[in-house]
Amino acid sequence: MAKYRIEGGGRIGGELHMHGAKNAALPILAASLVPATPSVISNCPQLSDVDAACNILRCLGCTVIQQGPSVTIQPAADHGGEIPDNLMGEMRSSILFLGAVITRFGRARISYPGGCELGPRPIDMHISALRKMGAIIEEDHGYLDCRVDGRLTGCEISLPFPSVGATENVMIAASIAQGTTILHNAAREPEIVDLAGYLNACGAKVTIHSDSTVVVEGVESLTGAEYSVIPDRIATATYLCAAAITGGDLLLRGVCSGHLAAVLPVFEEMGCQLTTTRHSIRLKGPERLLPAAHIKTMPYPGFPTDAQAPFMAVACLADGNTIFVENIFESRYKQAGELIKMGAKIRLEGRVAVVEGVPSLHSASVRCTDLRGGAALVVAALAAEGSTLIQDVRHIDRGYERLEENLGRLGARIIRE
Ligand code: UD1
């Protein structure tokens, strides 16, 4: 199992161009199953989750050519709509294929998806929305057997919570459904807007309204399109955390600073100096970080749950207490136990974590528990005294393109063992 060995103490500085967003690329790749002609998706990050999505497309009969950040998808003529267990198990986001597969082939058979260990991650909203659109979905010994007679039908749906994945599944399924779908309490993350951008480039009629309603007027068919994925706002936040915790001076280019409106003020609160343009962010970290009063994760445009763990690492070295409230996932503080092994002082009380800043962290042997938790350990190790061993970095490979190479160029002493 791959490990990182990180020698802490160097400052993270220099320039880096940000890669495309995993969470935008995955639903766009799933949606690329629906058009009848090929799509070319550019700025796709080169990650194991993207490889997994391409393998699912291949197993569904598509021809997929990956050339660096460009992925060409030649759609399948027909297929039984079955995704094997091993591919479903590789990432939880495979559930994003459900709407696309039913829409394209009129049937789907999948097992329950795998993925991050963030507590229970049910898919009830995905299933009930697709049922409302006319899909017949039966649960059979851990499998979902789905079919639709003819086309799905547009309808009015209200999500109990603005689930990102359920919103994406409905958007894809509604794109060529009969009639109009109105989705209330929809998620409105930048990645949702990007999926709408791709679907519309293919001829769909998707509009996202400021009151969290998504309206999709079904069209007869979609035509493949060329589309470029947005920059990764979570990887952006993570690299900025690395600069902040090491007192570095980092310039990130090719970012979308507007997508980080809830995140950037927290860096300033912690004593960092920021200079931003629309597509670049420069951060200079202070000699000693200040605490942030509260970091509460919320659906977009609130503070993203995916940035919570890297910020927790930064808060560990602040001069005071930072309180985190995790409102999206039930079990998203798994990195805390590992940070404590490095000398952090963290108290967990349900959805609340109180981080009491300490003057220094020390090296330890720690283990990645999930993607963003793993990134938090890297951030902490960069600033820790001594040599930290981080095990099971396959989680990190799911979401950060060439992390050790990039950090190495920015001054980190990091090697993969
Ligand atoms: C997506 C992101 C993930 C991010 C999350 C929240 C991708 C590939 N992943 O995950 O990185 O952390 O959004 O911003 O884009 N829920 C249900 N029933 C459902 C669906 C969700 O109860 O049918 C719950 C989940 O358990 C969770 C909450 O709703 O507590 C939010 O989940 P959701 O927005 O669906 O996250 P994902 O789409 O899985």
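Because the structure is predicted, anything quoted here is derived from the model rather than measured. (Residues numbered from 1 in each chain as written. Predicted model: local features only at pLDDT ≥ 70, side-chain atom pairs only at ≥ 80, totals over all residues. Heavy atoms only, no water.)

A. Expanded view of the packing of aromatic side chains. Scanning the model with the defined rule gives three aromatic pairs in all. Relative to phenylalanine 311, the ring of phenylalanine 267 lies with its centre 4.6 Å away and its plane at 45°, an arrangement referred to as tilted. Taken together, the positions of phenylalanine 267 in helix H9 (residues 264-269) and phenylalanine 311 in helix H10 (residues 308-315) put the pair 44 residues apart, joining distant regions of the chain. The pair formed by phenylalanine 267 and phenylalanine 311 is uniform in burial state, with each residue classed as buried. An angle of 80° between the planes, with centres 5.3 Å apart, marks the rings of phenylalanine 303 and phenylalanine 311 as edge-to-face. The same class applies to phenylalanine 303 and to phenylalanine 311, which are both buried. Feature note: the residues Phe267, Phe303 and Phe311 constitute an aromatic cluster, connected by ring pairs. If you follow arginine 109 out to its NZ or CZ, it ends over the ring of tyrosine 143, 4.2 Å from the centre. (Phe/Tyr/Trp six-rings, centres within 6.5 Å; stacked < 30°, edge-to-face > 60°. Helix = DSSP H or I, 4+ residues; strand = E, 2+ residues; numbered from the N terminus. Buried < 20%, exposed > 50% of the residue type's maximum accessible area, 1.4 Å probe, protein only. Lys NZ or Arg CZ within 6 Å of the ring centre and 35° of its normal.)

B. Seen up close, the side chain of threonine 238. Position of threonine 238 relative to the elements: it lies in helix H8 (residues 233-245). Residue contacts for threonine 238: discarding those within four places in its chain leaves Pro310, Ala375, Val379 and Tyr400. (Contact = heavy atoms within 4.5 Å.)

C. Inspection of the sheet that holds strand S7 (residues 136-140) at higher detail. Spatially, three strands are ordered S6-S8-S7 in an open sheet, and the strand pairing comes out antiparallel. What marks the edges here is a single partner per strand, and that holds for strand S6 (107-111) and S7. Sheet twist, expressed as the mean angle between neighbouring strand axes with direction ignored, is 15°. Note: S7 against strand S8 (residues 143-147), five bridges, orientation antiparallel. (Pairing = 2+ DSSP bridges. Axes fitted to C-alpha atoms, helices over the stretch in contact; angles between N-to-C directions.)

D. Molecular detail of the environment of alanine 383. Mapped onto the secondary structure, alanine 383 falls in helix H12 (residues 371-383). Since its relative accessible area comes to 19%, alanine 383 is described here as buried. Sequence separation between alanine 383 and tyrosine 400 is 17 residues; the distance between their C-alpha atoms is 19 Å. The residues contacting alanine 383, other than those within four sequence positions of it, are Gly9, Ile245, Thr246 and Leu317.

E. Focus on the pattern of salt bridges. For the structure shown, the criterion picks out 22 salt bridges. A salt bridge links glutamate 15 to arginine 253, with the nearest nitrogen and oxygen atoms 2.9 Å apart. Here the residue glutamate 15 occupies a position in strand S2 (residues 14-17), and arginine 253 occupies one in strand S14 (residues 249-253), the gap between them amounting to 238 residues. With its nearest N and O atoms 4.0 Å apart, the salt bridge here joins arginine 147 to glutamate 138. One salt-bridge network, in which partners are shared between bridges, spans Lys22, Asp49 and Arg398. (Salt bridge = Lys/Arg side-chain N within 4 Å of Asp/Glu carboxyl O.)

F. Seen up close, the packing of helix H5 (residues 124-132) against helix H6 (residues 164-175). With their axes 8 Å apart at the nearest point, H5 and H6 run at an angle of 25° to one another. By the angle between their directions, the pair H5 and H6 is classed as roughly parallel. H6 is crossed by H5, and the crossing has right-handed handedness. Judged by residue contacts, Met125, His126, Ala129 and Leu130 of H5 engage Gly165, Ala166, Asn169, Val170 and Ala173 from H6. Classifying every residue of the contact of H5 with H6 by side-chain character gives six nonpolar, three polar and no charged. (Parallel < 35°, antiparallel > 145°, perpendicular 65-115°, else oblique. Left-handed = near helix turned anticlockwise from the far one by under 90°. Nonpolar A, V, L, I, M, F, W, Y, C, P; charged D, E, K, R; others polar.)

G. Structural view of the site of the ligand. Close contacts around the ligand come from 19 residues, with Met125, Ser163, Val164, Asp306 and Ile328 the closest. Measuring from an oxygen atom of the ligand, one finds a backbone N or O atom of glycine 165 at 2.8 Å. Isoleucine 328 places a main-chain nitrogen or oxygen 2.6 Å from an oxygen atom of the ligand. When the ligand is considered free in solution it has 740 Å² of accessible area, and contact with the protein chains removes 87% of it. For the shell around the ligand, the leading source of residues is H5, giving three residues. When its residues are assigned to classes, the shell around the ligand shows eight nonpolar, six polar and five charged. (Near = heavy atom within 4 Å. Polar contact = N/O pair within 3.5 Å; in protein donor to acceptor, adjacent residues only side chain to side chain. Areas by Shrake-Rupley, 256 points an atom, 1.4 Å probe, with all protein chains shown as cover.)

H. Highlighting the pairing of S8. Along S8, the buried face is formed by Leu144 and Cys146; none of Tyr143, Asp145 and Arg147, which line the opposite face, is buried. By the bridge criterion, five bridges tie S6 to S8 in an arrangement that is antiparallel. Among the inter-strand pairings, serine 111 is bridged to a residue of S8, identified as tyrosine 143. The turn joining S7 and S8, which pair antiparallel and follow one another in sequence, is formed by two residues; a positive phi near 50° is taken by histidine 141.

I. Spatial organisation of helix H7 (residues 190-201). With 12 residues, H7 extends 16 Å from end C-alpha to end C-alpha; this agrees with the ideal 16 Å at 1.5 Å per step. What H7 keeps buried is the set Pro190, Glu191, Ile192, Asp194, Leu195, Ala196, Tyr198 and Leu199. The elements touched by buried residues of H7 are helix H1 (22-31), strand S3 (39-42), H6, strand S11 (205-208), strand S13 (226-228) and H8. Just beyond H7, the residue with positive phi is glycine 203, at close to 105°. (Expected span 1.5 Å × (residues − 1).)

J. How the structure looks around helix H11 (residues 334-341). Regarding H11, the residues found buried are Gln335, Ala336, Glu338 and Leu339. Next to the buried residues of H11 lie H10, strand S19 (345-349), strand S21 (365-367) and H12. Following H11 by one or two positions, glycine 343 adopts a phi angle in the positive range, close to 100°.

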